[in-house]
Amino acid sequence: MRVTVSVIKADIGAVGGHTLPSAETLAVVRDRVTRAKGRLLIDAFVCHAGDDIGIIMTHTKGIDNPDIHQLAWEAFLAATEKAKAQGLYGAGQDLLKDAFSGNVRGMGPGSAEVDLEERPSEALMVLLADKCGPGAFNLPLYLSFADPMYSPGLMLSEGLHDGFTFHIMDMDHTEGDRMIVLEAPDNLYDISALLRDTNRYAIEAIWSRKYPNEQAVAVGTSRLRNIAGRYVGKDDPPAVVRVQKIFPATEEFGPAFAVGPFVGGDTRGSHNLPLMPVPMNTAASTFFCVPTVCALGLSMHEGRLTGPVDLFADPVFDAVRERIADKAMEMRRQGFFEPAMLPMSELEYGGIVSRLRKLDAQWTIRNGAKDATPTQVEAVVHGDDPD
Ligand SMILES: [Mg+2]
């Protein structure tokens, strides 16, 4: 059976700051979505990750279906009314457009969708991250789908041995978003070169090479600032990941997420802190909004969901969280100094840029020559490595 899994999420307001949605706003979304079960939807599940409400839906309408997207949009709109009535912080903050135009992409909410031919035992993982950008999944997904040190299935299973195709989005190109398709392991070093920059590049999809019709991963890569033209909150990407058999096993993702790579986001979306795996329905951290990700394990048959199992709630992740909390606290000790705060290029929509512009008149030119000095040119010509 052909089934579409759609995950759509938005921050429509939170309690006492950017923490978590109220029980009442969650109930509004849950009610709307539940009423669509058996009509538009086969099944659905609603939860939150930090201050974002995530809607997981299964249906047969395909990706980018206007009816599905409208259902989510209207659920978020209705929840925003409740959020306003409760005086929640940032009520409606991810709903950036006034009128629905057929697809939530480009309107604020994040979405990740996979259309698949259901396997007899369709095992899925839904990832919901908070306080970070779409590149936050780059390292864990790279390690799980391209590195045998973390993903032994690449060596041990014929289904994985041919590797995977990475679709990578350049989110900061001058002419708009652009996409490149690279194969692992053949283009591994090129994939690595791009994915290391999580602020600019993000995995949008991963496909099986052995079974070219089988999509493994979909990540929501929309950037709110590209929609709004200013900083309005971090993107907090959702992802759908198919697991087992021809894909990495659920447990092969654990060590990759336990790395806790530093990613951009956190307080005011302007800092680097490690991505911490947390149980679902965890409030955003009062410790400087350390970026978090939860993982829901689901089984699906004829579009009906069983689960979720809360994949980062197991006891091993208590130890992981302690270590990542140490990383976060160590980074925060250096306050605003880079790389604790993001580079200026990532702060262009923040107040610091206009503040620095005001200093322009006070600068005096001390050395007019911008070209490389002869010594530097010589070093390049003779192949010396710069420091
Ligand atoms: Mg959020």
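Quick caveat: nothing in here was measured; it's all calculated off a predicted structure. (Residues numbered from 1 in each chain as written. Predicted model: local features only at pLDDT ≥ 70, side-chain atom pairs only at ≥ 80, totals over all residues.)

Undergrad: Before we go on, may I ask you to explain the overall build of the protein chain in this structure?
TA: When you go through the protein chain residue by residue, the secondary structure sums to 11 helices and 15 strands. If you line up the protein chain on its principal axes, its C-alpha atoms span 70 × 55 × 40 Å. Looking at the protein chain as a whole, 48% of its 387 residues qualify as buried. A separation threshold of at least 6 residues defines the contact pool for the protein chain, and within that pool the share at least 24 residues apart is 70%. (Helix = DSSP H or I, 4+ residues; strand = E, 2+ residues; numbered from the N terminus. Buried ≥ 20, exposed ≤ 12 C-beta atoms within 10 Å, placed from the backbone. Contact = placed C-beta atoms within 7 Å.)

Undergrad: How should I be thinking about the sheet that holds strand β1 (residues 2-10) in this particular structure?
TA: Where strands meet in a sheet, backbone hydrogen bonds hold them as pairs that are either parallel or antiparallel. Spatially, β2-β3-β1-β4 is the arrangement adopted by the four strands of the open sheet, whose pairing is antiparallel. Two strands lie at the open edges of the sheet, namely β2 (43-49) and β4 (110-117), each paired on one side alone. For this sheet, the mean angle separating the axes of adjacent strands, direction not counted, is 15°. Two elements, β1 and β4, share eight bridges in a ladder whose sense is antiparallel. Bridging from a neighbouring strand, valine 7 pairs with alanine 112 of β4. Contacting β2 and β3 (52-59), helix α1 (residues 23-35) crosses the sheet at an angle of about 165° to β2. Across the face of the sheet, helix α2 (residues 66-85) comes into contact with β1 and β3 while running at roughly 150° to β3. (Pairing = 2+ DSSP bridges. Axes fitted to C-alpha atoms, helices over the stretch in contact; angles between N-to-C directions.)

Undergrad: Explanation requested: the packing of α1 against α2 in the structure shown.
TA: The relative placement of two packed helices comes down to the angle between their axes together with the axis-to-axis distance. Following both chains from N to C, one finds α1 and α2 inclined at 150°, their axes separated by 8 Å at the closest point. Of the possible angle classes, the one that applies to α1 and α2 is roughly antiparallel. Crossing hand, α1 versus α2: right-handed. Contacts between α1 and α2 pair Glu24, Thr25, Val28, Val29, Arg32 and Val33 from the former with Glu74, Ala75, Phe76, Ala78, Ala79, Lys82 and Ala83 from the latter. Its residues assigned to classes, the contact of α1 with α2 comprises eight nonpolar, one polar and four charged. (Parallel < 35°, antiparallel > 145°, perpendicular 65-115°, else oblique. Left-handed = near helix turned anticlockwise from the far one by under 90°. Nonpolar A, V, L, I, M, F, W, Y, C, P; charged D, E, K, R; others polar.)

Undergrad: For this particular structure, what's the right way to read the nonpolar core?
TA: Side chains of nonpolar character tend, in soluble globular proteins, to be buried together. If you look at the biggest cluster of nonpolar residues, it comprises 104 residues, and the most contacted ones within it are Ile55, Met125, Val126, Leu127, Ile203, Val217 and Val240. Looking at this core element by element, the count peaks at eight residues for α2. Apart from residues lying up to four places away in sequence, valine 240 is in contact with Val5, Val7, Ala112, Glu113, Val114, Leu124, Val126 and Ala218. (Core = buried A, V, L, I, M, F, W, Y, C linked by C-beta atoms within 7 Å.)

Undergrad: Mind showing me how you'd approach helix α6 (residues 188-195) here?
TA: In an α-helix there are 3.6 residues to a turn, and that puts residues three or four apart on one side. Where α6 is concerned, the buried positions are Ile191, Leu194 and Leu195. Across the axial projection of α6, the buried residues extend over an arc of 90°, all falling on one side. Summarising the geometry of α6, the exposed residues directed more than 90 degrees from the buried face are Tyr189 and Ala193. Contact partners of the buried residues in α6: α3 (138-146), β6 (164-170), β7 (178-184) and β8 (201-208). (Arc of directions from axis to C-beta.)

Undergrad: When you look at the pairing of strand β14 (residues 292-301) in this model, what are you seeing that I'm missing?
TA: Each regular strand carries side chains that alternate between the two faces of the sheet. Burial analysis of β14 places seven of its 10 residues in the buried class, the great majority of the element. Two strands pair when backbone bridges link them, and strand β5 (residues 122-130) and β14 are joined in this way by nine bridges, in the antiparallel orientation. Bridged to methionine 125 within β14 is glycine 297. Two elements, strand β13 (residues 276-277) and β14, share two bridges in a ladder whose sense is parallel. Looking at the pairing, methionine 276 lines up with threonine 292 of β14. Taken together, the five bridges between β14 and strand β15 (residues 304-310) define a ladder with antiparallel strand orientation. Paired with leucine 296 across the bridge in β15 is aspartate 310. Counting the residues between successive antiparallel strands, the hairpin from β14 to β15 contains two residues, one of them, glutamate 302, with a positive phi of roughly 50°.

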